[in-house]
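# Tertiary structure, described
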Amino acid sequence: MTGRFKSLTWKQTNLVVFTALFFAIAIFIVEIALVVVSTKQQLTTTQQELLDSVEQPAANAVWALDDNLARQTLEGAIKVEHVGSAVIELDDGSMFVSVSNNRANNSQTFISLSNQLFDDLKEISRPLYRPFYFEGTQKQQLIGTLTIFYDTQELTNTLFSQLRFSFFATLARALLLTLVLTVVFHRFLTQPIARISEAIDKIEPDSPDENLLPMSNAHKDDELGLVTSKFNQILIQFSQTQSKLRKMATRDPLTGLPNRTLLLETIAVTIQRSRVHKRSFALMFIDLDRFKNINDSLGHALGDQFLARIARILERVVGDKGSVSRLGGDEFVILADSVHSPDQAADFVDKLLVQLNVPIQLNEHAIHPAASIGISIYPEDGSSAEDLIRHADIAMYSAKAAGSNQWAFFKQQMTERAAVRLRTEASLHDALKNNEFLLYFQPKLDLQTGKITGCEALIRWQKDGRLISPMSFIPVAEETGIIIPIGRWVIEQSCRVLREWQKKYNYAIPIAINVASQQFADASLVSDIKQMALRYQIQPELLEIEITETSLMNDIELAINKLEQLKSAGFGIAVDDFGTGYSSLSYLRHLPITTMKIDRCFVSDLPGDSAIASTILMLGKQLNLTIVAEGIENELQLDWLKSNECQIGQGFYFSQPLPQADFEALYMASQTATISNLDGLRGT
């Protein structure tokens with residue numbers, strides 16, 4: 001608000017004063033008009049009565065030419081109030097007698113005002129006739145004229161003297177009324193408004209409902225009371241809305257846990273308190289394993305229920321030892337301010353994982369939760385909230401890389417690895433845009449005949465003129481989810497190569513494509529494969545989809561459903577790394593697969609330790625599956641596999657993965673490649 005403050009009482013007083021004066025003056029003017037009219041009427045009556053009283057004596061004096069009698073008569077007349085002079089003229093117009101009073105001198109303005117008010121009553125006259133009793137005639141005879149002059153200035157002066165008193169009395173009444181009304185308005189209206197204004201100044205923005213406006217008893221049932229009541233309602237509603245907004249801003253809507261904003265505030269307070277008391281505390285970053293599979297297979301509604309149940313479990317385990325927050329998705333943070341050492345943190349996390357691993361029943365589904373946990377300790381691993389969260393997050397990724405249900409403390413070296421991972425992630429996005437990926441192909445040969453039966457497509461990254469090993473970027477791609485678009489590129493590129501082979505050589509050999517766990521869990525995988533094959537006019541049997549045992553174990557029911565869709569469409573299905581997981585044999589017979597691969601770790605043990613390889617070969621025969629041994633590196637391994645009737649093999653013993661042009665030159669230009677003539681390729 002700009003300008004000088006003006007009190008409502010002062011404004012109110014001025015308004016009342018000017019209003020009272022206006023009406024006082026208006027009433028006074030009306031009163032003047034009424035008095036003037038009344039005075040004129042009264043003066044007219046008085047004039048006629050005066051003429052009636054002096055007419056006969058004046059007529060007698062003129063008839064007798066008795067100037068003394070005439071003078072006496074006129075002197076009696078001028079004694080009447082407001083009469084200034086009187087004159088008797090004879091019938092010939094000559095002056096007979098004249099009598100007058102001394103007049104006071106007045107201002108010209110006063111004289112003009114007097115003339116305006118009473119000019120028509122300044123003089124009256126009456127003809128004088130011969131007395132009727134002379135000579136007995138009834139005919140009137142004019143003998144003279146009687147004229148009486150009134151002093152209107154004296155009349156005006158008298159009139160205004162009376163009105164002056166009336167004016168001051170009216171003015172006094174107006175001022176007294178003004179004073180009374182001002183006091184009444186101040187106490188009844190201005191003062192309550194002032195108290196409301198003071199109460200408004202005391203309102204706290206953070207808690208507006210704690211300082212409601214005062215309600216005067218005198219105004220409970222009037223407009224001021226209504227305004228006060230409505231304003232208090234607004235304050236209460238605003239406070240409730242503010243509380244809801246504060247809760248929305250600081251609480252996770254799904255689980256009710258503190259969100260990142262409130263977590264940062266809590267950590268900051270804990271840091272200050274810990275700095276004063278010189279003690280440590282632990283921060284634990286929790287990421288649920290395989291949560292995306294739950295969402296994809298059971299739907300987001302059950303996924304949300306699962307997260308809410310996990311939140312309650314975390315709250316129960318943490319208890320009064322700290323607080324639980326949700327950062328978003330499947331990420332939670334525990335601020336354990338009662339945990340003061342790494343040993344205590346390790347014990348706490350072990351107990352936490354035991355509780356988290358208890359199966360959760362959601363409708364008819366039993367879900368086995370698992371989590372990866374990273375731990376940072378204050379002040380060793382950071383002196384700010386952001387540093388502690390970031391370092392715990394980095395440690396969590398290290399734990400996840402070690403497998404499910406693992407935890408890890410933050411180490412400084414992890415920061416360097418995380419920086420490399422971030423740079424690699426950014427570069428992978430650019431690699432897709434800039435078409436920096438290549439496909440290499442490793443042949444798969446019939447171990448009995450030596451003929452090529454197919455190949456495996458293996459991705460390579462060509463950056464700045466050099467090839468980057470898949471081992472350095474595939475894990476990053478899987479952690480960040482970029483593996484899904486990369487895997488989609490591999491599928492499309494394989495289909496394109498198959499079409500090129502068909503056009504160029506009039507035939508093609510099957511290509512096996514590796515599908516990562518995240519890609520297999522993607523809901524669009526099956527439709528992507530079918531659409532690519534249709535777009536490039538590829539026969540489904542020319543594509544073999546290789547999935548890992550881990551992908552299957554994440555969700556058996558979902559895996560079987562997807563595999564059945566692919567198999568019914570004609571695509572080959574291979575299980576890679578078979579035997580490296582757990583509970584494999586119990587569900588193998590339910591999987592709609594066509595091929596099973598013996599992992600290179602089992603092939604490398606041949607021929608010495610052959611128990612697992614023998615078991616897989618036996619299962620393959622019983623289930624009528626094609627068995628592929630990968631990682632064959634020497635002739636002893638090859639001989640054992642041939643003697644145990646393993647159908648297909650691949651490995652460096654035959655050929656390393658080759659660029660497309662080299663692969664075509666060796667294997668596609670001629671269809672007679674055998675093991676016997678590949679000795680020259682060993683070690684290439």
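Residues numbered from 1 in each chain as written. Predicted model: local features only at pLDDT ≥ 70, side-chain atom pairs only at ≥ 80, totals over all residues. Heavy atoms only, no water.

Going by what an unreviewed UniProt entry lists, the protein is known as Bifunctional diguanylate cyclase/phosphodiesterase and is assigned to Shewanella oneidensis.

Once that is clear, we can look at the packing of helix 8 (residues 300-318) against helix 9 (residues 342-356). At a minimum axis distance of 10 Å, the contact between helix 8 and helix 9 shows a crossing angle of 140 degrees. When the axes of helix 8 and helix 9 are compared, the crossing they make is right-handed. Residue-level contacts link Ile310, Ile313, Leu314, Arg316, Val317 and Val318 of helix 8 to Phe348, Leu352, Gln355 and Leu356 of helix 9. Each residue belonging to the contact of helix 8 with helix 9 can be placed in one class, and the counts come to eight nonpolar, one polar and one charged. (Axes fitted to C-alpha atoms, helices over the stretch in contact; angles between N-to-C directions. Helix = DSSP H or I, 4+ residues; strand = E, 2+ residues; numbered from the N terminus. Left-handed = near helix turned anticlockwise from the far one by under 90°. Contact = heavy atoms within 4.5 Å. Nonpolar A, V, L, I, M, F, W, Y, C, P; charged D, E, K, R; others polar.)

Moving on: the pattern of salt bridges. All chains considered together, the criterion is met by 19 salt bridges. Across the pair aspartate 289 and lysine 400 runs a salt bridge, and its minimum N-O distance is 2.6 Å. Remark: lysine 400 occurs in helix 10 (residues 385-401) and aspartate 289 occurs in the loop between strand 5 (281-288) and helix 7 (291-298); sequence separation between them is 111 residues. Of the charged contacts, one joins glutamate 544 and lysine 444 as a salt bridge, the two residues approaching to 3.0 Å between their closest N and O atoms. Residue glutamate 544 is found in strand 16 (residues 543-548), and its partner lysine 444 is found in strand 12 (residues 437-446); the two are separated by 100 residues along the sequence. Residue class for glutamate 544 comes out buried when judged on its relative accessible area of 12%. Taken together, the salt bridges that share partners define one network made up of Glu456, Glu546, Lys597 and Glu630. (Salt bridge = Lys/Arg side-chain N within 4 Å of Asp/Glu carboxyl O. Buried < 20%, exposed > 50% of the residue type's maximum accessible area, 1.4 Å probe, protein only.)

Before going further, it helps to examine the packing of helix 7 against helix 8. Contact geometry of helix 7 with helix 8 gives a least axis separation of 7 Å together with a crossing angle of 140 degrees. Our classification of the angle between helix 7 and helix 8 gives oblique. Of helix 8, the residues touching helix 7 (which contributes Phe291, Ile294, Asn295 and Leu298) are His300, Leu302, Gly303, Phe306 and Leu307. (Parallel < 35°, antiparallel > 145°, perpendicular 65-115°, else oblique.)

Pairing within the open sheet is mixed, and its five strands lie in the order 6-7-5-10-11. Strands with a single pairing partner mark the edges of an open sheet, and in this sheet they are strand 6 (323-328) and strand 11 (407-409). The sheet shows a mean angle of 20 degrees between the axes of neighbouring strands, taken without regard to direction. The pairing of strand 6 with strand 7 (residues 331-336) spans five bridges and is classified as antiparallel. Following the sheet pairing, serine 323 is matched in strand 7 by leucine 335. The sheet contacts of helix 6 (residues 260-277) involve strand 5, strand 6, strand 7 and strand 10 (371-378), and relative to strand 6 the element is tilted by about 140 degrees. (Pairing = 2+ DSSP bridges.)

This paragraph deals with the packing of aromatic side chains. Applying the stated rule across the entire model yields 13 aromatic pairs. Considering the side-chain rings of phenylalanine 437 and tryptophan 489, the 5.9 Å spacing of their centres and the 50 degrees angle between planes classify their relative orientation as tilted. Pair noted here: phenylalanine 437 is in strand 12 and tryptophan 489 is in helix 13 (residues 483-505), with a separation of 52 residues, a long-range link. Take phenylalanine 437: its relative accessible area is 3%, and that puts it in the buried class. When the centroid spacing of 5.5 Å and the interplanar angle of 80 degrees are considered together, the rings of tryptophan 461 and phenylalanine 473 count as edge-to-face. Of this pair, tryptophan 461 sits in strand 13 (residues 452-463) while phenylalanine 473 is found in helix 12 (residues 470-480), placing the two residues twelve residues apart along the sequence. We classify phenylalanine 473 as buried; its relative accessible area is 0%. (Phe/Tyr/Trp six-rings, centres within 6.5 Å; stacked < 30°, edge-to-face > 60°.)

This paragraph deals with the pairing of strand 16. Burial analysis of strand 16 places five of its six residues in the buried class, the great majority of the element. When strand 15 (residues 511-515) meets strand 16, the two strands line up parallel, connected through five bridges. Within strand 16, the residue paired with asparagine 514 across the bridge is glutamate 546.

Checked against the element boundaries, glutamine 519 lands in helix 14 (residues 517-521). A polar contact of 3.4 Å, which involves the side chain of glutamine 519, links it to the backbone oxygen of glycine 487. What glutamine 519 contacts, discounting residues up to four positions off in sequence, is Ile483, Ile484, Gly487, Arg488, Ile491, Asn514 and Leu525. (Polar contact = N/O pair within 3.5 Å; in protein donor to acceptor, adjacent residues only side chain to side chain.)

So, about the pairing of strand 10. With eight of eight residues buried, strand 10 is to be regarded as a mostly interior element. Side chains Ala371, Ile373, Ile375 and Ile377 of strand 10 all project onto a buried face; the interleaved residues Ser372, Gly374, Ser376 and Tyr378 project onto the opposite face, where all are buried too. Of the pairings in the sheet, the one linking strand 5 to strand 10 comprises eight bridges and is antiparallel in character. Pairing of leucine 283 across the sheet is with serine 376, part of strand 10. Judged from the three bridges that link them, strand 10 and strand 11 form a sheet pairing that is parallel.

What follows deals with the sheet that holds strand 1 (residues 83-90). Spatially, the four strands line up as an open sheet ordered 2-1-4-3, and their pairing is antiparallel. Taken across any chain shown, the strands that pair with only one partner, and hence form the sheet edges, are strand 2 (95-100) and strand 3 (123-129). In this sheet, adjacent strand axes meet at a mean angle of 10 degrees when their direction is disregarded. When strand 3 meets strand 4 (residues 142-150), the two strands line up antiparallel, connected through seven bridges. Of the residues in strand 4, the one forming a bridge with isoleucine 124 is isoleucine 148. This element, helix 2 (residues 67-78), spans strand 1, strand 2 and strand 4 of the sheet and lies at about 30 degrees to strand 2.

Another point: the UniProt feature "transmembrane region" (unreviewed entry) in the protein. Under the local residue numbering, the UniProt record ascribes the feature "transmembrane region" (unreviewed entry) to residues 15-37 and 165-189. Secondary structure across residues 15-37 divides into 100% helix and 0% strand, with the first and last C-alpha atoms of the span separated by 33 Å. (UniProt positions renumbered as here; feature names shortened; annotations may be inferred.)

Turning to helix 6, a few remarks are in order. Under the 1.5 Å per step criterion, the end-to-end length of helix 6 is 25 Å for 18 residues, consistent within 8% with the ideal 26 Å. Among the residues of helix 6, those classed as buried are Leu262, Leu263, Ile267, Thr270, Ile271 and Ser274. The N-capping residue of helix 6, defined by a side-chain oxygen 3.2 Å from the backbone nitrogen of threonine 261, is asparagine 259. Lysine 278 sits one or two positions beyond helix 6 and adopts a positive phi of about 55 degrees. (Expected span 1.5 Å × (residues − 1).)

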